[in-house]
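A closer look at the structure
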Amino acid sequence: MAADYTYLVARLRAIESQMPDRAWYLRLARTPAPQLLAAVRERFPAFEGVDAVHDFERGIEAERAESRRLLRSLVADRDALLFLLAGDDFDNCVQAWKGRMTGAEAVLEPSGLASPRAISAAVESGDASGLPPWLKELHGSLAAMAGEATPAELDYAGENAKWDFLLRVAPGRGARDWARLRIDLANIKNFVRLRRSSLRPDPPAAVWIAGGTIEASRLARLFGEPLDEFFSMLASTRWHSLRASGFDAQVPAGLIDPILLGRLLDLLGDARLRFFDLSPVLYSIELRERAWTALRLVFVGAINRLPEEILAGKVEELYG
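The numbering scheme is per chain: residues are counted from 1 as the chain's sequence reads. A pLDDT threshold of at least 70 governs which residues receive local features in this predicted model, and a stricter bar of 80 or more applies before side-chain atom pairs are shown or counted, although totals over entire chains, interfaces and linings include all residues. Excluded from the side-chain calculation are hydrogens and water; included are all heavy atoms of the structure.

Quick notes on the overall build of the protein chain
When you go through the protein chain residue by residue, the secondary structure sums to 14 helices and zero strands. Counting from the N terminus, the helices are DSSP H or I runs at least four residues long and the strands are E runs at least two residues long. Taken from the N to the C terminus, the helices and strands of the protein chain come in the order α-α-α-α-α-α-α-α-α-α-α-α-α-α. Here the globule rule is a power law, 2.2 Å times the number of residues to the power 0.38, and the radius of gyration is based on C-alpha atoms. Computed over the C-alpha atoms, the radius of gyration of the protein chain is 20 Å, within 12% of the 20 Å expected from 2.2 N^0.38 for a compact globule of 320 residues. The principal-axis extent of the C-alpha atoms belonging to the protein chain is close to 50 × 50 × 45 Å.

Focus: helix α5 (residues 78-102)
Here α5 contains 25 residues, and its C-alpha end-to-end distance of 36 Å stays within 8% of the 36 Å for a straight helix at 1.5 Å per residue. Helix geometry: α5 is bent most strongly at Leu85, by close to 40°. Only protein chains enter the accessibility calculation, which uses a 1.4 Å probe; a residue is then buried when its area is under 20% of its type maximum, exposed when over 50%, and partly exposed in between. The element α5 is largely enclosed, with a buried count of 18 among its 25 residues. Where α5 starts, the residue carrying a side-chain oxygen 3.3 Å from the main-chain nitrogen of Asp79 turns out to be Asp77. The length a helix should cover is 1.5 Å for every residue beyond the first. For a residue, the bend is simply the angle between two axes, fitted respectively to the seven-residue segment ending there and the seven-residue segment starting there. A 3.5 Å cut-off defines polar contacts: any pair of N or O atoms within that distance qualifies, except that in protein one atom must be a possible hydrogen donor and the other a possible acceptor, and neighbouring residues in sequence count only when both atoms are side-chain atoms.

Structural notes on the pattern of salt bridges
Salt bridges are defined by distance alone: a side-chain nitrogen of Lys or Arg within 4 Å of a carboxyl oxygen of Asp or Glu. Following the criterion strictly, the structure yields 16 salt bridges and no others. Salt-bridge contacts for Arg58 lead to Asp55; the nearest nitrogen and oxygen are separated by 2.8 Å. Among the residues examined, Asp55 registers a relative accessible area of 27% and is labelled partly exposed. Among the charged side chains, a salt-bridge network with shared partners connects Arg64, Arg68, Asp88 and Glu289.

Quick notes on the environment of Arg64
Along the polypeptide, Arg64 turns up in helix α4 (residues 56-74). Dropping the residues within four chain positions of it, Arg64 is found in contact with Asp88, Ser111, Glu289 and Trp292. Any pair of residues with heavy atoms lying within 4.5 Å of one another is described as a contacting pair.

A few points about the layout of surface pockets
For cavity detection a 1 Å grid was placed over the protein atoms alone, and a set of points counts as a cavity when a 1.4 Å probe fits there but cannot get out; an open set counts as a pocket when protein lies on both sides within 12 Å along at least five of seven lines, with lining residues being those that have an atom within 4 Å of a point. Grid points are joined across faces, edges and corners, and a volume is the space filled by probe spheres set on the points. As a volume, the largest pocket reaches approximately 1,500 Å³. Arg64, Asp91, Lys162, Arg182 and Glu289 are, among the 49 residues lining the largest pocket, the residues nearest its centre. Residue assignment for the lining of the largest pocket shows that the elements contributing at least two residues are α4, α5, α8 (151-169), α9 (173-196), α12 (256-268) and α13 (279-303). The element contributing the most residues to the lining of the largest pocket is α5, with ten residues. Note on residue classes: Ala, Val, Leu, Ile, Met, Phe, Trp, Tyr, Cys and Pro are nonpolar, Asp, Glu, Lys and Arg are charged, and everything else, Gly too, is polar. Partitioning the lining of the largest pocket into residue classes produces 22 nonpolar, nine polar and 18 charged. Put simply, the second largest pocket is a space of about 370 Å³. What lines the second largest pocket is a set of 15 residues, and nearest its centre among them are Ile15, Met19, Pro45, Glu63 and Arg288. For the lining of the second largest pocket, the elements supplying multiple residues, two or more each, are α4 and α13.

Side note on the environment of Arg195
Within the secondary structure, Arg195 sits in helix α9. Separated by 128 residues in sequence, Arg195 and Ser67 place their C-alpha atoms 35 Å apart. Leaving out residues up to four positions away in the same chain, Arg195 has contacts with Asn190, Phe223, Glu225, Pro226 and Leu227. A polar contact of 3.1 Å, which involves the side chain of Arg195, links it to the backbone oxygen of Phe223. A distance of 2.8 Å separates a polar atom in the side chain of Arg195 from the backbone oxygen of Glu225.

As for the packing of aromatic side chains
Here a Phe, Tyr or Trp ring, Trp counted by its six-membered ring, pairs with any other such ring whose centre lies within 6.5 Å, and the pair is stacked when the planes are under 30 degrees apart, edge-to-face when over 60, and tilted otherwise. Across all of its chains, the model carries 16 aromatic pairs by this definition. Residues Phe230 and Phe231 carry aromatic rings whose centres are separated by 5.3 Å and whose planes lie at 75° to one another, so their mutual orientation is edge-to-face. One aromatic cluster is present, built from ring pairs that chain together Trp24, Tyr25, Phe44, Phe47, Phe56, Phe299 and Tyr319. Sitting over a ring, as applied to charges here, requires NZ of Lys or CZ of Arg to be within 6 Å of the ring centre and within 35 degrees of the ring normal. Note that Arg43 overlies the ring of Trp24, its terminal NZ or CZ placed 5.9 Å from the centroid.

From the geometry alone we can't say anything about function, so treat these as descriptive.
Encoded structure:
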């Protein structure tokens, strides 16, 4: 029997109704840097502990952790919680291995299901017995790679393992569709950035995450073609509306994330009307991701003294 998420969705909708809207972010984009933190604290309580503009990421991470705590308290279904939170465990495992490789202290987030302490201990000792089942295979793969791989290659391995796992455990069609679109988003972003960079003229196959609505093999074949061929291909996929947003061969690097996240929410829009799968919950999560992306845009723009009209344009693209 399908789970009934009516109560959970009602709670999330009530929270969403209090979230800042497009107009608020446009005003924030025009707020002088010295006044930014005061304005943000009024709508994002977790920023109370942030004392400097350049430390904004700490506030966003605190907001994200609070969001994860809310999900833990509201979602009773164990399979759903595994799907919603286990991805953070994969990210933490990769970060821990990258920290060991580089000698830097890895910052692990307490938002997943596995204890960050258990992940760190496994990486330090090589003993994966304290890890949950979904992390043990990744731990072994990264341990085998750690001697010779670059940090980027660890990232590729972790992303592929994470999305393969989430597709396998997705509790229903809506969750699986969200995962496939999220894979698309990562692949599209990587394609454009790597294609424009002379540093990776022939990226490894692991760059492309399998399982999206756009086949990884198709992306690999197109990588050696003129960039316009890639954008023509997108016009025949579920991402065809990207072109109307100016997502083409000339798209500015700073608009890639806002445009892609904005279109993802468009693609997920109808899903929020369903109450018997995770779709409305995932849509709510993406709303928060958009809010945190908007905050990053504003803070980074203020720190780098980006002109107001350019910063406001990025917010416009994000909110459509």
